[in-house]
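Letter by letter, the chains look like this.
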Amino acid sequence: MKHFLFVLLLFPAVCFSQVNISGRVVDAADGKPIPDASVFLNNATIGTKSGDDGRFALNKLSAGQYDLIVRVIGYETYRQTIMVNGDVNLQDIKLLQKTMVMNEVVIAGKDRKRARKIRMFKEQFLGRSAFARQCTILNPEELILVFGKHEDVLTVHTNNFLEIDNDALGYKLKYLVNNFVLDRLTLNVSYEGDVLFEEKPGTAEQKEKWEKNRRRTYFGSPTHFLRQVLADKADANYMVRSFCIKKIDNGKVLYDTLAPVKYVRKTDRRGVFALSYPSGIDIFYYGPGVAHSLHYANGTEKGNRGQVAGIQFIDEYLYFDTRGTILNPTGALFNYQWGKSRVAELLPSDYWPAS
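Just so you know, the residues in each chain are numbered from 1, in the order the chain's sequence is written. Predicted model: local features are reported for residues with pLDDT of at least 70 only, side-chain atom pairs are reported and counted for 80 or more only, and whole-chain, interface and lining totals are derived from all residues. In computing side-chain properties, one takes all heavy atoms of the structure into account and sets aside hydrogens as well as water.

### So, the overall build of the protein chain
1) Next: We count a stretch as a helix when DSSP gives it H or I for four or more residues in a row; a strand needs E for two or more, and each element gets its number in order from the N terminus. Along the protein chain, the regular secondary structure elements total 5 helices and 25 strands.
2) Next: Considering the protein chain as a whole, with its 355 residues, one finds that 45% of them fall into the buried category.
3) Next: We call two residues contacting when some pair of their heavy atoms lies within 4.5 Å. Counting contacts in the protein chain only where the partners sit at least 6 residues apart, residues at least 24 apart contribute 63% of the total.
4) Next: What sets the accessible areas is the Shrake-Rupley method with a 1.4 Å probe; for residues, cover comes only from the shown protein chains. With the model as given, the accessible surface of the protein chain reaches about 18,800 Å², and the carbon-plus-sulfur share is 51%. Each residue is assigned to one of three classes by its accessible area relative to the maximum for its type, calculated with a 1.4 Å probe on protein chains only: buried under 20%, partly exposed between the two thresholds, exposed over 50%.

### Overview of the nonpolar core
1) Next: Membership of the largest hydrophobic core comes to 31 residues, with the highest contact counts inside it found for Phe-121, Phe-125, Leu-126, Leu-154, Leu-162, Ile-164 and Phe-180.
2) Next: Those elements that provide at least two residues to this core are α1 (114-125), β10 (135-137), β11 (144-147), β12 (153-157), β13 (162-166), β14 (171-183) and β15 (188-199).
3) Next: Among the elements that take part in this core, β14 stands out by supplying 6 residues, more than any other.
4) Next: Not counting residues up to four positions away in its chain, the partners in contact with Ile-164 are Phe-125, Leu-126, Cys-135, Thr-136, Ile-137, Tyr-171, Lys-172, Leu-173, Tyr-175 and Val-343. Think of a nonpolar core as a cluster: buried Ala, Val, Leu, Ile, Met, Phe, Trp, Tyr and Cys residues, connected wherever their side-chain atoms sit within 4.5 Å.

### Details of the sheet that holds strand β3 (residues 38-41)
1) Next: Pairing is antiparallel in the open sheet, where 4 strands are placed in the order β4-β3-β6-β7. With one partner strand each, in any of the chains shown, β4 (47-49) and β7 (78-84) form the two edges of the open sheet. Each neighbouring strand pair of the sheet contributes to a mean axis angle of 20°, computed without reference to strand direction. Being paired, for any two strands, means DSSP has found at least two bridges between them. Axis definition: a line fit to C-alpha positions, over the contact stretch in the case of helices; interaxial angles, taken between N-to-C directions, run 0 to 180 degrees.

### Here we look at the pattern of salt bridges
1) Next: The working definition used for a salt bridge is a side-chain nitrogen of Lys or Arg within 4 Å of a carboxyl oxygen of Asp or Glu. Scanning the model with the defined rule gives 14 salt bridges in all.
2) Next: For Glu-123, the salt bridge identified is with Arg-128, shortest N-O distance 3.5 Å.
3) Next: Judged by relative accessible area, which is 34%, Glu-123 ranks as partly exposed.
4) Next: Relative accessible area serves as the criterion here: at 61%, Arg-128 is assigned to the exposed category.

### A look at helix α2 (residues 204-218)
Each α-helix turn comprises 3.6 residues. Residues three or four places apart therefore point the same way.
1) Next: Taking 1.5 Å as the rise per residue, α2 with 15 residues should run 21 Å; its terminal C-alpha atoms sit 21 Å apart, in good agreement.
2) Next: Of the residues making up α2, those classed as buried are Trp-210, Asn-213, Arg-214, Thr-217 and Tyr-218. The arc enclosing the buried residues of α2, seen along the axis, measures out at 135°, which places them on a common side. Away from the buried face of α2 by more than 90 degrees, exposed residues Ala-204, Glu-205, Glu-208, Lys-212 and Arg-216 are located.
3) Next: Where α2 is buried, its residues contact β14, β15 and α3 (222-230).
4) Next: The first or second residue beyond α2 is Gly-220, which carries a positive phi of 90°. Expected helix span is given by 1.5 Å per residue-to-residue step, counting one fewer step than there are residues. By construction, the arc corresponds to the directions joining the helix axis to the C-beta atoms.

### Here's the deal with the environment of Ser-341
1) Next: Tracing the sequence through the fold places Ser-341 in the segment after α5 (336-340).
2) Next: Along the backbone, Ser-341 and Phe-125 are 216 residues apart, and their C-alpha atoms lie at a distance of 9.5 Å.
3) Next: Polar contact is defined as a pair of N or O atoms within 3.5 Å, subject to the rule that within protein one atom must be able to donate a hydrogen and the other to accept it, and that residues adjacent in sequence are counted only when both atoms are side-chain atoms. Within the structure, Ser-341 has its side chain in polar contact with the backbone oxygen of Gln-337 (distance 3.2 Å).

### Comments concerning the confidence of the model for the protein chain
1) Next: Residue-level confidence of the predictor is summarised by pLDDT, bounded by 0 at the bottom and 100 at the top. When the pLDDT values of the protein chain are averaged, the result is 87; 86% of them are 70 or greater.
2) Next: This stretch, residues 289-303, has a pLDDT under 50; its non-local contacts, to residues over four places away or in other chains, come to 31 contacts.

### Looking at the pairing of β13
1) Next: Burial along β13 is one-sided: the face carrying Leu-162, Ile-164 and Asn-166 is buried and the face carrying Glu-163 and Asp-165 is not.
2) Next: Looking at chain direction, β13 and β14 are connected through 5 bridges and run antiparallel. Residue Ile-164 lies in a different strand from β14, and its bridge partner there is Leu-173.
3) Next: From the end of β13 to the start of β14, which pair antiparallel, there are 4 residues, and Gly-170 there has a positive phi angle of about 80°.

### Section: the environment of Gln-134
1) Next: By the element assignment, Gln-134 lies in the loop between α1 and β10.
2) Next: You can call Gln-134 partly exposed: its relative accessible area is 29%.
3) Next: Residues Gln-134 and Ala-168 lie 34 residues apart in sequence; the distance between their C-alpha atoms is 5.7 Å.
4) Next: Every residue in contact with Gln-134, bar those within four places of it in the chain, is listed here: Asp-165, Asn-166, Asp-167, Ala-168 and Lys-209.

### Describing the side chain of Ser-38
1) Next: Mapped onto the secondary structure, Ser-38 falls in strand β3.
2) Next: A polar side-chain atom of Ser-38 sits 3.1 Å from a polar atom in the side chain of Lys-49.
3) Next: Leave out the neighbours within four places in its chain, and Ser-38 touches Thr-48, Lys-49, Ile-69, Val-70, Arg-71 and Phe-161.

Pasting the structure below:
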């Protein structure tokens, strides 16, 4: 992903205009419509099924970049990245019939280590937080788990949706796990996949609890930070500094405090922005009404209270859109709170807290 970059002098207002995506799903071999295909936007609550004529419509979207996913049993999963700035009418989406791979899965009942593999997967995929303990995988039989040599590496994927009930945030997730890797020697974990969020029905009391937990998760998150940057409000609740020490004065460590124009750039693609800094950055969140001076004075560090992230850039730029969604999440390493968050703390990209 390459874009021309421009210094970001004027920050755009967040766009709330609503647009639509429509199209038709057909068989690539004979052109016949495919009914009942799952059509959804990755990491959002927006999804539908294709009709008998293969047609679908996704409505009331905000502007931004989306990954459109089409999934139906017997066919290869279809993915298309779409930048939405107005209504989009797609050409026919042609699905290829899936070639069956035999002998891929060890029969669960014959895998004596399966329970251990599932436990390891859940700890790293859902996390170990209080929210993770309120998550239930409803169909663990869909997990295909394989140990590497000496059992140092665990790889996991699914051929169908892994259904997860998150009773902390009030969502049911349908998650296609494309690739999960846990390296126990390096203590590294990486995973990627496609996920559709569905709102759970609940009582007024349950919905109040869910919204409270959602807000708790949202504020101080990468999405909130990037949305605040684009709304020119980041300096109100965040402090960003470089990794590099500015100087030491009378035994006090001083850091540069960075304004957004120092680490955020426009690109030549409408609605896509780039974040970068030569030395990496630390991000601190203080919340509404908490003065930065309680923790910093003239750039002097007063401890790491409030730190939510340390970002080390792998790619030269970390790209994001107007919804605050990071477009190349493997382009950086995250530490602190952002590095610990797992699927149990995952919110859909179209979540906005009630005012």
